[in-house]
Amino acid sequence: MADHASSAPRPDFLDKPTLSGDRVLLRPVTVDDVPALMPMFQDAETSRLTGSHDDGELDEARIRTWYDTRGAQDDRLDLAVVERTTGNVVGEVVLNEWDPDNESCNFRICLVPGSYGRGLGTEATRLIVGHGFQKLGLHRISLEVYAFNPRARRAYEKAGFVTEGVLRDALLWDSTWVDATVMSILAPEWFQSQQADGA
């Protein structure tokens, strides 16, 4: 039973790549990106869509410390999303919650307000998922999306994620219980889709 896990190579999360698409560039996120990312933390709608309960006053110093340590993380990958046409940092993508025994990670993405509806999130998702399977050797990448965020769910579906089930009443928001849909994509599905697309 343990042989499978021990034979799988350990993903190199210390390698922080730059991944290039038509609309976005993903690159290592740094403390210098904090000013561009701050609107994500200050926007009430972003907090709702991500289920981030306000735990008090926003602490920019703590946020700067967090981003200043991302390059040293050997169990997760945090990349900034840069819009190619403007060069602006418009969000972040993350592979985290690495499970070495099951060769899996969680995925999350967040874009700054005003960056939606242009395909940036879908392409950023495809880029980091491809990296997770092709370079890190992951088998499964999963996420959760709340019922009141159908736009994000459509973007995940476009990137190849499929619905696995529903976590009922997973979030209490403004005195209302909200379901979360669990979605995932598996390495064989990813590689099959790449072959179908001629990649």
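Residues numbered from 1 in each chain as written. Predicted model: local features only at pLDDT ≥ 70, side-chain atom pairs only at ≥ 80, totals over all residues. Heavy atoms only, no water.

Asker: What should I look at first to understand the nonpolar core in this one?
Answerer: In this structure, L26, V93, L95, F107, I141, Y156 and F161 are the most contacted members of the largest nonpolar core, which totals 47 residues. Element by element, the count of residues in this core is highest for helix α5 (residues 120-134), at 6 residues. Leaving out residues up to four positions away in the same chain, Y156 has contacts with F107, I109, L143, V145, F161 and M183. Y146, L171, V178 and A180 belong to the second largest nonpolar core, which has 5 residues in total. (Core = buried A, V, L, I, M, F, W, Y, C linked by side-chain atoms within 4.5 Å. Buried < 20%, exposed > 50% of the residue type's maximum accessible area, 1.4 Å probe, protein only. Helix = DSSP H or I, 4+ residues; strand = E, 2+ residues; numbered from the N terminus. Contact = heavy atoms within 4.5 Å.)

Asker: What's the story with the packing of α5 against helix α7 (residues 187-196) in this structure? I'm lost.
Answerer: A pair of packed helices is characterised by two quantities: the angle between their axes and the separation of those axes. In contact at an axis separation of 10 Å, α5 and α7 are set at 115° when each is read in the N-to-C sense. Relative to α7, α5 is oriented roughly perpendicular. The handedness of the crossing between α5 and α7 is left-handed. Across from R126, V129, G130, F133 and Q134 in α5, the residues of α7 making contact are A187, W190 and F191. Here the residues of the contact of α5 with α7 sort into 5 nonpolar, 2 polar and 1 charged. (Axes fitted to C-alpha atoms, helices over the stretch in contact; angles between N-to-C directions. Parallel < 35°, antiparallel > 145°, perpendicular 65-115°, else oblique. Left-handed = near helix turned anticlockwise from the far one by under 90°. Nonpolar A, V, L, I, M, F, W, Y, C, P; charged D, E, K, R; others polar.)

Asker: Got a minute to help me understand the state of the cysteines in this structure?
Answerer: In protein chemistry, a disulfide is the covalent bond that joins the sulfur atoms of two cysteines. By the definition in use, this model includes 0 disulfides. The closest cysteine sulfur to the non-disulfide-bonded C105 is located on C110, 19 Å from its own sulfur. (Disulfide = S-S within 2.5 Å.)

Asker: Is there a simple way to think about the environment of L49 in this case?
Answerer: Within the element layout of this structure, L49 appears in helix α3 (residues 44-50). The spacing of L49 and P150 is 101 residues in sequence and 9.8 Å in space, taken between C-alpha atoms. Residues within four places of L49 in sequence aside, it is in contact with Y146, F148, N149 and R151.

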